[in-house]
There are 2 protein chains.
Amino acid sequence: MTRIALDAMGGDFAPEQVVIGAVEAATGLSDVKVLLVGQLAPIQAELDKLPKALKNAAQEAMVKGTMEIVHAPDVAGMDESPVDAIKKKKDCSINVAMRLVKEGRADAFVSAGNSGAVATSAILNLGRIAGVKRPAIATVLPTSDQSRPILVLDAGANMDCHPEWLVQFAKMGDAYSKAVLKCATPAVGLLSIGTEDCKGNEMTKETFPLLKKCQDLNFVGNIEGKDLFKGHIDVAVCDGFVGNVVLKTTESIAKAIVHRLKDECVRNPLRIFGALVLKGAFKALKKQLDPDVYGGAPLLGVPGAVIIAHGSSSHKAIFYAVKAGVAAATNDVSGMIAKSIAEDAEDQKQK
Amino acid sequence: MTRIALDAMGGDFAPEQVVIGAVEAATGLSDVKVLLVGQLAPIQAELDKLPKALKNAAQEAMVKGTMEIVHAPDVAGMDESPVDAIKKKKDCSINVAMRLVKEGRADAFVSAGNSGAVATSAILNLGRIAGVKRPAIATVLPTSDQSRPILVLDAGANMDCHPEWLVQFAKMGDAYSKAVLKCATPAVGLLSIGTEDCKGNEMTKETFPLLKKCQDLNFVGNIEGKDLFKGHIDVAVCDGFVGNVVLKTTESIAKAIVHRLKDECVRNPLRIFGALVLKGAFKALKKQLDPDVYGGAPLLGVPGAVIIAHGSSSHKAIFYAVKAGVAAATNDVSGMIAKSIAEDAEDQKQK
C-alpha cells in the first residue's frame, strides 16, 4: 500500500477541497492510503460538512485504514515568507507531512501550499539527493499528441540558474519521463529562442555544449516556444523564471481561447444549437486541457516523492496530485535520479 | 501619402507572398505607396505569375504610383549570420530599403526577413534615438478582451538585459500603446513569476524599483504569465529571451488547442454536423487569433518606423505589416519615444 502524506492546510481552497480530494483518493485509488496532515479541528469540521455519500465514504476509508488524520498544530500561511514560515513553525502541516516521508511513515508528500515553502521544507527535512545542486519543479503539460505530454523543468524553484544546474534538470527530467511517463528514450530539448546551436542567452549558450556532451541523454538541441506543444519533445529544460512564465502563460492563453470560443458560440440561436450538438466535443477538449489533471508537479532532486499541486487546486486536482505522488513513489523516481547523478559524478572522477 | 519600403526578399515565402501582399496593400490601403525593394528579376517573375485580377491590380497600382519597384542587387540569406550579411552586403534589400527611410524617401520599413538582420541594419543605417540604450522588438497579442490587445516587449532583440534597458522598453512600449493602439493610460506590467513586489529573478528585482520611480508611467507592478491574456494589462515588459519564448509558446498552444478541437469535432457524424453549424463561430475565432493580423512587430528605439513581420509571413501577414508600418509612421511613434527618453535624461540631469 502506498502511503501519501497530504497537507490538508495548503492551497487557496484548503482545507475544504483538500479534504474532499483526500476522501476521493482514499476511496477511488487502489492500494493507496491517505494521511491527511493538518489541524484536527478544521479537518473534522470539513468532514462533518461533507454530503452524506462522501461522509460515509470517509468514515469507511478511516475504518478500512485507507485514510488517517495526522495532527499538525501549526499552519504556514500562503502570504508569509515561505522560508521563514517553514523555519519558524516546526510543526506546521508541511513540515509534519514531510517528516512522515523522512521517517519512512509515508511514501510520498503532496501539498497545494506555497511551492517555495514546500521546496524549503523538503530540502530542510529530506535534504538533497547526493550530487544534486538544486532540486527543480517539473510540470507535465498536454501537447497536440494526446499520448505524448511534455515535462517542463524547472517550473519555478530556481530563478537565476547556472548551466550545470540545467544539465542536472535535464537528467532529472529524463529519469522522471522514463519512470513515470513511460517514455523509453525521452527527447530532451533546451528551451531557447531558435533551434540553431548558437541561439540563446548567455546561460543557454553555456548550457548547450554541456548537454551535447551528455551521452546518456537523447539531447535534441535547442527548441523554441513553438516546439513545446507539438508533441515531439518529451523534456524541455529551462531556468525556473522562464519555466514559470511559460507555464502560467500556457494556462492563460488556453483560458483566453476558450473564453473567446464561448463568446462566439452564444452569438445567435443557431450557434447555441450548434454548441449544444458539440457539447461532447467541448467537454472532451476541456478534459484534455484540464490543468487539474496535470496539476501535480514533482519536486525532483530530493530523496523522496514530493508533489506540489497548484495553489488553486480543486478536489479533483488534489486527487490527481495524490495519483502523481503514488506514481513517483512506486516508480522510485528518486532512486533513478540518484543513480543518474551518481554515474555522472563517477564519470567526472574518471576524467 | 505614406510611403512604405517593403523588403521583397525577406521571409520564408519571399518573394512570392511579399509581392502578393504588396499588391494588396498598394491597392487596398488608402493613401499608401508601397516601394517594393529587391532584385528586379525575381520580383518581375512573381508579378508575371500573378492571377489575372491581381496582375491587373498591380499594373494599375504602378501606373497610379501606389506601387514602385526599387532594385536592390543583393539578398541577405535567412541562414547567414545576420550581422555579417548586413555588414558585407551593403546593397542587400534590407539595407537598400532601410536607406530609403534614412534618406526620407520612405516613411516606414517593413520586412519578414531575419529579425537580427533587420535590427542590425536599422541600427547601422538609422542609428538609435538619442538616449536609447537598446532598441526592442514589440509584439501585439490578442487577449480575452477583443478591444484591448497587449504589447509585449522585448520580443527577441536583446537576450541578456540590464534593468535600465527594461525601463526604457517600458517607456517605448508606453509610447507605442498610446500612439498606435490608442490606449490613453497604458497599464504597464513587469513580467515576473508572482505579483508580489519581491518576486522574480535578479534582473526583474532590480528593475522593479526603477519602474516604480517612473512617474510618467502607469506601472502596475509585477505581472505573471497568466495575466498576459486577461485583458487588463496594456504593456508587458521583459527581456528578449523571455519575450521570445512567451511569443512562440503562445502561437504554439493556440495551434495545439485548435488541433485538438478539430480532432474532437470530426469524431462522429453528429459532431461534424454541429461543427458545420458552428462554422461561422470557428471562423470568427480563427480570425481573432490570427497571428497574421498581429504579425507586424515594430522595432522601437530607432529613429524611423521599422516593422518586422513573422518569418513565415503570408501575403495577408505582409498586408497587415504594411498597415502597422503606416500606423507607426503616421502616429510618429519615434518622435514620441524620443520625447519620452529626452525628458528622462532631462530629469536625470536636474537630480
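The text that follows walks through the structure, step by step, so that each part is easy to find.

Rules used throughout
Residues numbered from 1 in each chain as written. Chains lettered and ligands numbered in written order. Predicted model: local features only at pLDDT ≥ 70, side-chain atom pairs only at ≥ 80, totals over all residues. Heavy atoms only, no water. Pairing = 2+ DSSP bridges. Helix = DSSP H or I, 4+ residues; strand = E, 2+ residues; numbered from the N terminus. Axes fitted to C-alpha atoms, helices over the stretch in contact; angles between N-to-C directions. Contact = heavy atoms within 4.5 Å. Buried area = accessible area lost by both parts, 1.4 Å probe. Salt bridge = Lys/Arg side-chain N within 4 Å of Asp/Glu carboxyl O. Nonpolar A, V, L, I, M, F, W, Y, C, P; charged D, E, K, R; others polar. Buried < 20%, exposed > 50% of the residue type's maximum accessible area, 1.4 Å probe, protein only. Core = buried A, V, L, I, M, F, W, Y, C linked by side-chain atoms within 4.5 Å.

**As for the sheet that holds strand S11 (residues 305-308) of chain A**
Residue and element names in this part refer to chain A. One open sheet accounts for eleven strands, arranged S3-S2-S1-S4-S11-S10-S5-S6-S9-S7-S8; its pairing is mixed. The open sheet has two edge strands, strand S3 (67-71) and strand S8 (218-223), and neither has a second partner. Geometrically, the sheet is characterised by an average inter-axis angle of 25° between neighbouring strands, direction not taken into account. Contacts from helix H1 (residues 16-28) reach strand S1 (2-7), strand S2 (32-38) and S3, with the element oriented near 160° to S2. Across the sheet, helix H2 (residues 40-49) touches S2 and S3, and the angle it forms with S3 is around 150°.

**What to know about the interface of chain B and chain A**
Listed as interface residues are 52 residues of chain B and, on the opposing side, 52 residues of chain A. Both sides together, the interface formed by chain B and chain A hides about 4,900 Å², and carbon and sulfur atoms give 69% of it. Counting every contact that joins chain B to chain A gives two salt bridges. Elements with a contribution of two residues or more to the side of chain B that touches chain A: helix H8 (202-213), helix H9 (240-265), helix H10 (269-277) and helix H11 (279-289) of chain B. With 19 residues, H9(B) is the single largest residue contributor to the side of chain B that touches chain A. Split into classes, the residues belonging to the side of chain B that touches chain A amount to 26 nonpolar, 17 polar and nine charged.

**Structural notes on the environment of Leu285(A)**
Position of Leu285(A) relative to the elements: it lies in helix H11 (residues 279-289). According to the relative accessible area criterion, Leu285(A) is buried, its value standing at 5%. With 211 residues separating them along the chain, Leu285(A) and Asp74(A) place their C-alpha atoms 40 Å apart. Not counting residues within four places of it along the chain, the set of residues in contact with Leu285(A) comprises Ile257(B), Arg260(B), Leu261(B) and Glu264(B).

**Here we look at the environment of Met159(B)**
Here Met159(B) shows up in the loop between strand S6 (150-153) and helix H7 (163-179). A residue is classified by how much of its surface remains accessible, and Met159(B), at 15% relative accessible area, is buried. Remark: the alpha-carbon pair of Met159(B) and Cys214(B), spanning 55 residues in sequence, is separated by 24 Å. Setting aside chain neighbours within four positions, we find Met159(B) in contact with Ile193(A), Gly200(A), Asn201(A), Asp239(B), Gly240(B) and Phe241(B).

**Overview of the nonpolar core**
Counting 114 residues, the largest nonpolar core has Phe282(A), Val306(A), Phe282(B) and Val306(B) as its most contacted members. Filtering out sequence-adjacent residues up to four positions away, Phe282(A) remains in contact with Leu261(A), Cys265(A), Ala275(A), Leu261(B), Leu278(B) and Phe282(B).

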